[in-house]
Amino acid sequence: MRRRLLLAGELAALALLLSASAAHAETVHVLAAATSVDQVLTNVRNWLMGILASAATVFLTLGGIRYIMGSGEPGEIEKAKVAFKAAGIGYALAALAPLVVSVLQGIVGS
């Protein structure tokens with residue numbers, strides 16, 4: 001009885017997913033279309049800065065947690081320092097993202 005109920009639930013979920021994807025396929029809209037190369041590069045810069053800053057924040061948080069939870073243990077403190085260095089590098093790269101995009105704009109010629 002339990003197997004039948006589980007199978008019926010799986011089939012219902014599959015039918016729901018298939019019907020939702022078919023309905024969605026009919027109403028696909030383009031949300032953002034770039035009109036120029038300059039706009040594409042600006043979007044790339046914004047995404048790159050966001051991703052790098054987010055990753056750096058994660059490393060900073062992990063480093064802080066390791067430092068606090070390390071309780072003075074030298075190995076854990078060293079791992080925390082490595083995470084802090086990685087966070088610093090991530091923030092530096094995020095700050096340099098506009099420079100990278102301007103170099104790409106110079107290469108592309110826009």
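Note that the coordinates shown come from a computational prediction; the quantities given were computed from them, not determined experimentally. (Residues numbered from 1 in each chain as written. Predicted model: local features only at pLDDT ≥ 70, side-chain atom pairs only at ≥ 80, totals over all residues. Heavy atoms only, no water.)

(A) Main features of unusual backbone geometry. Residues other than glycine seldom take positive phi values, yet Ser-71 does so here, at roughly 55°. On the secondary structure map, Ser-71 appears in the loop between helix H2 (37–69) and helix H3 (74–108). (Helix = DSSP H or I, 4+ residues; strand = E, 2+ residues; numbered from the N terminus.)

(B) Region of the structure containing the pattern of salt bridges. Here the structure, examined in full by the defined rule, presents 2 salt bridges. The partner of Glu-76 in a salt bridge is Arg-66, and the shortest N-O contact between them spans 3.3 Å. Note that Glu-76 is positioned in helix H3 and Arg-66 in helix H2, a separation of 10 residues in sequence. The class for Arg-66 is partly exposed, based on a relative accessible area of 34%. Assessed through its relative accessible area of 22%, Glu-76 is described here as partly exposed. (Salt bridge = Lys/Arg side-chain N within 4 Å of Asp/Glu carboxyl O. Buried < 20%, exposed > 50% of the residue type's maximum accessible area, 1.4 Å probe, protein only.)

(C) Examining H2 more closely. For H2, spanning 33 residues, the distance from its first C-alpha to its last is 48 Å, which sits close to the expected 48 Å at 1.5 Å a residue. Buried positions along H2 lie against H3. At the C-terminal side of H2, Ser-71 shows a positive phi close to 55°. (Expected span 1.5 Å × (residues − 1). Contact = heavy atoms within 4.5 Å.)

(D) Spotlight on the packing of aromatic side chains. Within the structure shown, the criterion is met by 1 aromatic pair. Where Tyr-67 meets Phe-84, the ring centres are 6.4 Å apart and the plane angle is 50°; that geometry is what we call tilted. Within this pair, whereas Tyr-67 is found in helix H2, its partner Phe-84 is found in helix H3, the two being separated by 17 residues in sequence. Accessibility expressed as a relative area gives 46% for Tyr-67, which makes it partly exposed. (Phe/Tyr/Trp six-rings, centres within 6.5 Å; stacked < 30°, edge-to-face > 60°.)

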